[in-house]
Amino acid sequence: MAALIEGRTGEWELVIGLEVHAQAITEAKLFSGASAGFGAEANTHVSLIDAAMPGMLPVINERAVEQAVRTGLGLKAEINRVSVFDRKNYFYPDLPQGYQISQFSQPVVGKGEIVLDMEGGESRAVGITRIHLEQDAGKSVHDRDPGHTLVDLNRAGVPLMEIVSEPDLRSPEEAAAYLAKLRSILRYLGTCDGNMEQGSMRCDANVSVRRPGEPLGTRCEIKNVNSIRFLRQAIAYEAQRQVELIESGERVVQETRLYDAERGVTRSMRSKEEAHDYRYFPDPDLLPLTLTEDYIEGIRATLPELPDEKKARFVAEYGLTEYDAGVLAAEREIAEFFEAVARGRDAKAASNWVTGELFGALNRRGVEIADSPVSAASLGALIDLIADGTLSNRIAKDVFEAMLETGRDAASIVEEKGLKQVSDTGAIEAAVDAAIAGGAKQVAQYRGGNEKILGWFVGQVMKATQGKANPQMVNEILKKKLGG
Amino acid sequence: MAELTALTIAEARDALARGDCSARELAEAHIAAIEAARDLNAFVVETPERALADADASDRRRAAGAAGAMDGVPVAIKDLFCTEGVRTTACSHILDGFVPPYESTVTARLRASGAVMLGKTNMDEFAMGSSNETSHYGPVRNPWHRRGDNRPMAPGGSSGGSAAAVAAKLCLGATGTDTGGSIRQPASFCGIVGMKPTYGRCSRWGIVAFASSLDQAGPMTRTVRDAAIMLGAMAGFDPKDSTSADLPVPDFEAALGRGVKGMRIGIPKEYRVDGMDPDIAALWDRGAAWLKEAGAELVEVSLPRTKYALPAYYIIAPAEASSNLSRYDGMRYGLRVEGRTPAEMYENTRAAGFGAEVRRRILIGSYVLSAGYYDAYYLKAQKVRTLIAGEFAAAFERCDAILTPTAPNAAFALGEMIDDPIAMYLNDVLTVPASLAGLPGISVPAGLNADGLPLGLQVLAPAFEDETVFRVAEVLEQAAGFELAPRGAG
């Protein structure tokens, strides 16, 4: 559903298309044997090819092709049997060849689709236009040495998959949901680590506004947005800017803009007139990339279960709500954690523990599930102690806190602190008797029809047993004795 | 010592095998010859110490019974090949002082076969030129002169230094590269054999790129047999070059001596171009007659789009060159002329570093690839290229090899053509079509024109039938009885 922008002169529709650059997970670069790893000392991952020494030639890294095909299959896209590498020519200090090897007219992957789960259970299909493989550039460092620009070529030639969406997105929220979903799918596929901070996933947003139902307006491209939050902010700002421009009688100028996250604004980078003429042509150093049916099917056979299918299975197999299933399926690590906890246990309880206590704890600590101080096995064991009546839910939460603090398992904490739930009928009966004996007034109220007063007795019994009495048994015994 | 420089590679191989001479003696004789002929300007880098060390190592290998196919044979290397530890500039100012830390695949193979490197030969800057006059190091002088005329002659180009060095007996063989005729045309001008193999036979890895889809390395020698021996040591699949052919290397030398009896030789009528030297037209007829006498059948074939080859070539080659030469920006190696901004530094460096012809081709190439012109020029030229390849394929349905002259004219005097780029480009009119089609071709010296300058005949064959080229060329060579006698001015 399009979220319309209310302007001074009426409603405006926002039209967004995203171009996402995702670094394909590979050992080596797209056309050389140098490491594609992040974070090394400057200019240590540079081969003769990456430095564009005279006479050096590119050779395609098969692993990068496989990752692009895998990504295409994961996005239910057409895989092109023949694709071509082109040269995109421009001069820049961090582009040693003077051209980027990319795919222009014949990309490796064609049309596909991503389904977004929007709030309120709505789902939206967003078209993928294409995915092509290309080289990343190096990095120019302007602030290290006054008067000099330094260049780090470690990233030069690293394989990128450029994933281009149709202009199907209609709000900053949808754009954010698209990016999150794409990231989730790539991580499921193992084709990109989705790390936006390290730059292994970056996003350009094409933004325009129009009156609902009218042809597309003039677009601006916001370059290199490096977080989902910034994407939402940048689009919201840009949409407002364009509406205000048009409503004040001016025109939107087609241009490339940058998002300034500190000030929360987009700024002009270069206009269409200043745009490069990239002089694309097929790279004569490389043959067209030809893929066989068997090769593609071989990759398809190794695709993992993806978030949409996993969510559907969580609903069907575990009886989770759509919402909970969606949350648990969004990240492969979370889904795997959940399934490890739920296996052979009450899935609903597992879901509640993972999305409730565990997520809360991880958020407070600011850690990812991969670094969770409580493992899936430990959480499962804790839930087992609830199921067999050893712990009450309330005490289990205390035990969980202790597990987070110490990293120890539930059983040993219960043992050490003597937190075992009291399910001994005799002991509970004695505490119930003592509570009844000490509360004549309350007994009278209860017997007079005030059933709410039962809580007072439960409190007394729990106080007497330091909270360890099995609450279900306490309730039963109380009712029996008070009713008698 | 003098006779050592007059040997062919095959003779030197036998002499070395018999122990009649050592690799060191061969190297010393050639080092002396190079020093004595510096006026030719054939070499831009001489590597005598390296040559002697290579030769001594070769003699030791031979003593140990482990000599390779070219062991001890002194050769010269065109400056387009990157040679580890030896300055490589493609004869351009922009690569000033560049010493590669790596060795091209072709020269590494030659080394592995035992060849001894004498030095790097002069050439047109980035292989762009047909006269060797675009070299940053000045033109090479052709060892031949017009009869009764002492003006220095152009050796052809771009492999002019290699051609002159082989003709002047400064080396037994030399590497060349051929993009549109850069091996065959200088071979014709200098009276030697120059062979451009099928595109993909030799790896391009480590060869400074001019036009990637056309560049191909090949041997330049004094005999057809020598070219076959030397190509055997240069060719072969290289996984580092995606366009190199994953095929076994045939024994090219074994293809010799089989004659042309029963072969059909195509004579393309469209190669009788306007302005062709009448001596060349006559030589062509003579060549055809020699093959007929040797038992071949002559077949007239038609290659009607030949006239579009040169314009297509002068779109495709500059387009690729404009992109290939983008890496020379002063950032990482070679010449740098400072500026206040990176863009200004590029402009200053490239303006100072590239010569006029290279700048011209970069401009043409950038133009034909630019938005709005791409379809009209580059794309159309590629279509022409496809049609030309198709025409050759059709012609080879009717014949086994094609005979043509190598160039429409003999060598010209230095300076005679340099101000007329179109006339200069016409030098390639007979070699360029086969380059566009990726076919193997050879130039064999077959006679002299009225001025006493050498003329070559060209033999073309279908892709990867390089052996056919050698086989036909050998018959022409024997029939012609060409005598290499340059420096005959008087």
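Residues numbered from 1 in each chain as written. Chains lettered and ligands numbered in written order. Predicted model: local features only at pLDDT ≥ 70, side-chain atom pairs only at ≥ 80, totals over all residues. Heavy atoms only, no water.

Engineer: Can you break down the overall build of chain B residue by residue, with the values?
Structural biologist: Counting its regular elements, chain B contains 16 helices and 11 strands. Taken against the 2.2 N^0.38 rule, which gives 23 Å for 490 residues, the C-alpha radius of gyration of chain B at 21 Å falls within 12% of a compact globule. Taking the principal axes of the C-alpha coordinates as reference, chain B spans close to 65 × 55 × 50 Å. A burial count over chain B gives 64% of its 490 residues as buried. (Helix = DSSP H or I, 4+ residues; strand = E, 2+ residues; numbered from the N terminus. Rg over C-alpha atoms; globule rule 2.2 N^0.38 Å. Buried < 20%, exposed > 50% of the residue type's maximum accessible area, 1.4 Å probe, protein only.)

Engineer: Can you tell me about the overall build of chain A, naming the residues and giving the values?
Structural biologist: The number of helices and strands found in chain A is 15 helices and 16 strands. If one aligns the C-alpha atoms of chain A with their principal axes, the spans along those axes are about 95 × 55 × 55 Å. Long-range pairs, those at least 24 residues apart, make up 68% of the contacts in chain A between residues at least 6 apart in sequence. The positive charge centre, built from 56 side chains, and the negative charge centre, built from 73, are 4 Å apart in chain A. (Contact = heavy atoms within 4.5 Å. Lys, Arg positive; Asp, Glu negative; His and termini not counted. Charge placed at Lys NZ, Arg CZ, Asp CG, Glu CD.)

Engineer: Talk me through helix H9 (residues 278-293) of chain B; I want residue IDs and the actual numbers.
Structural biologist: Residue and element names in this part refer to chain B. When the terminal C-alpha atoms of H9 are compared, their 23 Å separation across 16 residues agrees well with the 22 Å that a helix rising 1.5 Å per residue should span. Buried residues in H9 make contact with strand E7 (264-268), strand E8 (297-301), strand E9 (401-405), strand E10 (441-448), strand E11 (454-460) and helix H16 (466-480). Two to three positions downstream of the cap, the backbone nitrogen of Asp-279 sits 2.9 Å from a side-chain oxygen, assigning the N-cap of H9 to Asp-277. (Expected span 1.5 Å × (residues − 1). Polar contact = N/O pair within 3.5 Å; in protein donor to acceptor, adjacent residues only side chain to side chain.)

Engineer: Give a description of the pattern of salt bridges that names residues and reports values.
Structural biologist: One pass over the structure, following the stated rule, counts 68 salt bridges over all chains. A salt bridge links A:Glu238 to A:Arg241, with the shortest nitrogen-to-oxygen separation between them at 2.8 Å. Note that A:Glu238 and A:Arg241 are positioned in helix H3 (residues 228-247) at a spacing of three residues, about one turn of the helix. Residue A:Arg241 is classed as buried on the basis of its relative accessible area of 16%. The structure contains a network of salt bridges with shared partners spanning A:Arg87, A:Asp283, A:Asp285, B:Arg204 and B:Asp241. (Salt bridge = Lys/Arg side-chain N within 4 Å of Asp/Glu carboxyl O.)

Engineer: So, the pairing of E11(B): which residues are in play, and what are the values?
Structural biologist: Residues and elements named next belong to chain B. Buried residues dominate E11, accounting for seven of its seven residues. In E11, alternate side chains face the same way, and those of Pro-454, Gly-456, Gln-458 and Leu-460 on one face and Leu-455, Leu-457 and Val-459 on the other are all buried. Across four bridges, E9 lies against E11 in antiparallel orientation. Within E11, the position partnered with Leu-403 by the bridge is Val-459. (Pairing = 2+ DSSP bridges.)

Engineer: Talk me through the nonpolar core; I want residue IDs and the actual numbers.
Structural biologist: Judged by nonpolar contacts, the single largest core of 173 residues is most densely connected at B:Met70, B:Phe126, B:Leu403 and B:Phe470. No other element matches helix H10 (residues 306-324) of chain B, which puts 10 residues into this core. Ignoring any residue separated from it by four or fewer positions in sequence, one finds B:Phe126 in contact with B:Leu80, B:Ala90, B:Ser92, B:Ile94, B:Leu95, B:Val208, B:Phe210, B:Leu325, B:Tyr328, B:Phe354 and B:Val358. A:Val20, A:Leu30, A:Leu186 and A:Leu306 belong to the second largest nonpolar core, which has 103 residues in total. (Core = buried A, V, L, I, M, F, W, Y, C linked by side-chain atoms within 4.5 Å.)

Engineer: Can you break down the packing of aromatic side chains residue by residue, with the values?
Structural biologist: Taken as a whole and assessed by the stated rule, the structure comprises 27 aromatic pairs over all chains. Ring geometry for A:Phe230 and A:Tyr259: centres 6.0 Å apart, planes at 50°, overall tilted. Here the residue A:Phe230 occupies a position in helix H3, and A:Tyr259 occupies one in strand E13 (residues 255-260), the gap between them amounting to 29 residues. The class for A:Tyr259 is buried, based on a relative accessible area of 14%. Plain terms: the ring middles of B:Tyr328 and B:Tyr333 are 6.3 Å apart, the flat faces sit at 70° to each other, and that makes the pair edge-to-face. Comparing B:Tyr328 with B:Tyr333, the two get one shared label, buried. Taken together, the ring pairs in this structure connect B:Phe98, B:Phe126, B:Tyr328, B:Tyr333 and B:Phe354 into an aromatic cluster. One residue, A:Lys88, lies across the ring of A:Tyr278, its end atom 4.4 Å from the ring centre. (Phe/Tyr/Trp six-rings, centres within 6.5 Å; stacked < 30°, edge-to-face > 60°. Lys NZ or Arg CZ within 6 Å of the ring centre and 35° of its normal.)

Engineer: Explain the interface of chain A and chain B to me, and be specific about the residues and the numbers.
Structural biologist: The interface of chain A with chain B comprises 30 residues on the first partner and 39 residues on the second. Together, the buried faces of chain A and chain B total about 2800 Å²; carbon and sulfur atoms form 59% of this surface. On the chain A side of the contact with chain B, A:Pro54, A:Phe91 and A:Arg279 bury the most area, a combined 22% of that side's loss. Measuring nitrogen to oxygen at the nearest pair gives 3.1 Å for the salt bridge that ties A:Asp285 to B:Arg204. Seen at the junction of chain A and chain B, the total is 16 residue pairs in polar contact (both at pLDDT 80 or more). Broken down by secondary-structure element, the contributors of at least two residues to the side of chain A that touches chain B are strand E4 (86-89) and strand E15 (281-282) of chain A. When its residues are assigned to classes, the side of chain A that touches chain B shows 22 nonpolar, four polar and four charged. (Buried area = accessible area lost by both parts, 1.4 Å probe. Nonpolar A, V, L, I, M, F, W, Y, C, P; charged D, E, K, R; others polar.)

Engineer: Account for the domain arrangement of chain A, with residues named and values stated.
Structural biologist: What the domain assignment lists for chain A is domain 1 (5-299), domain 2 (307-417) and domain 3 (425-482). When each unit is reduced to the centre of its C-alpha atoms, the spacing between domain 2 of chain A and domain 3 of chain A is 32 Å. (Domains from an automatic or database assignment.)

Engineer: Tell me what's going on with empty space enclosed by the protein, and back it up with residues and numbers.
Structural biologist: Residues and elements named next belong to chain A. A full pass over the atoms with the stated rule returns six cavities of 30 Å³ or more. Estimates place the volume of the largest cavity at around 110 Å³. As for the largest cavity, its lining consists of 13 residues, of which Asp-50, Gln-97, Gln-135, Ala-156 and Gly-157 are closest to the centre. (1 Å grid on protein atoms, 1.4 Å probe; cavity = no way out; pocket = protein on both sides within 12 Å on 5 of 7 lines; lining within 4 Å. Points joined across faces, edges and corners; volume = space filled by probe spheres on them.)

Engineer: Go over the side chain of B:Thr83 with me, naming the residues and quoting the values.
Structural biologist: Residues and elements named next belong to chain B. Relative to the helices and strands, Thr-83 is located in the loop between strand E2 (74-78) and helix H5 (105-112). Looking at Thr-83, the relative accessible area reads 0%, which means it is buried. Discounting chain neighbours no more than four positions away, the residues touching Thr-83 are Ile-77, Thr-88, Pro-100, Tyr-102, Glu-103, Thr-107, Met-117 and Lys-120.

Engineer: Mind laying out the confidence of the model for chain B, listing which residues take part and the relevant values?
Structural biologist: Averaged over all residues, the pLDDT of chain B is 96; the fraction at 70 or higher stands at 99%. In the predicted assembly, ipTM is 0.96 and pTM is 0.90. (pLDDT = per-residue confidence, 0-100.)

Engineer: For the sheet that holds strand E5 (residues 99-102) of chain A, give the residues involved together with the corresponding values.
Structural biologist: All names here are of chain A. Spatially, the three strands line up as an open sheet ordered E5-E4-E15, and their pairing is antiparallel. Both edges of this open sheet fall to E5 and E15, since each of them pairs with a single strand only. Pairing of E4 with E15, which is carried by two bridges, proceeds in the antiparallel orientation. Among the inter-strand pairings, Arg-87 is bridged to a residue of E15, identified as Phe-281.

Engineer: I'd like a description of the environment of A:Glu78, backed by residues and values.
Structural biologist: Residue and element names in this part refer to chain A. Assignment of secondary structure puts Glu-78 in the loop between helix H1 (62-74) and strand E3 (82-83). In this structure, the C-alpha to C-alpha distance between Glu-78 and Gly-360, residues 282 residues apart in sequence, is 41 Å. Among residues more than four places away in sequence, those in contact with Glu-78 are Val-108, Val-109, Gly-110 and Lys-111.

Engineer: If you had to explain H5(B) to someone new, which residues and values would you point to?
Structural biologist: All names here are of chain B. Among the residues making up H5, those that are buried are Thr-105, Val-106, Thr-107 and Leu-110. Against E2, strand E4 (173-178), strand E6 (216-221) and helix H8 (224-234) lie the buried residues of H5. Downstream of H5 by a residue or two, Gly-114 has a phi angle that is positive, lying close to 105°.

Engineer: Quick one: what's the story with the pairing of E13(A), residue by residue and with numbers?
Structural biologist: All names here are of chain A. For E13, a buried count of five out of six residues is recorded, marking the element as mostly surrounded by other parts of the structure. Both strand E12 (residues 220-225) and E13 contribute to a ladder of four bridges, which runs parallel. Within the sheet, the bridge partner assigned to Ile-222 lies in E13 and is Arg-257. The handedness of the E12 to E13 crossover, carried by H3, is left-handed. Relative to strand E14 (residues 265-271), E13 is paired through six bridges, and the arrangement is antiparallel. Looking at E14, one finds that Asp-260 is bridged to Val-265. Count of turn residues in the E13/E14 antiparallel hairpin: four residues, of which Gly-264 carries a positive phi of about 70°. (Right-handed = clockwise from strand over helix to strand, strands pointing away.)

Engineer: Outline the sheet that holds E4(B), listing residues and values.
Structural biologist: All names here are of chain B. As summarised here, the arrangement of the 11 strands in space is E1-E3-E2-E4-E6-E5-E10-E11-E9-E7-E8, forming an open sheet in which the pairing is mixed. Either end of the sheet is taken by a strand with one partner, and the two such strands are strand E1 (43-46) and E8. The mean angle between the axes of side-by-side strands here comes to 30°, regardless of whether they run parallel or antiparallel. The sheet contact formed by E1 and strand E3 (residues 116-121) spans three bridges and is antiparallel. The residue of E3 that forms the bridge with Phe-43 is Thr-121. (Axes fitted to C-alpha atoms, helices over the stretch in contact; angles between N-to-C directions.)

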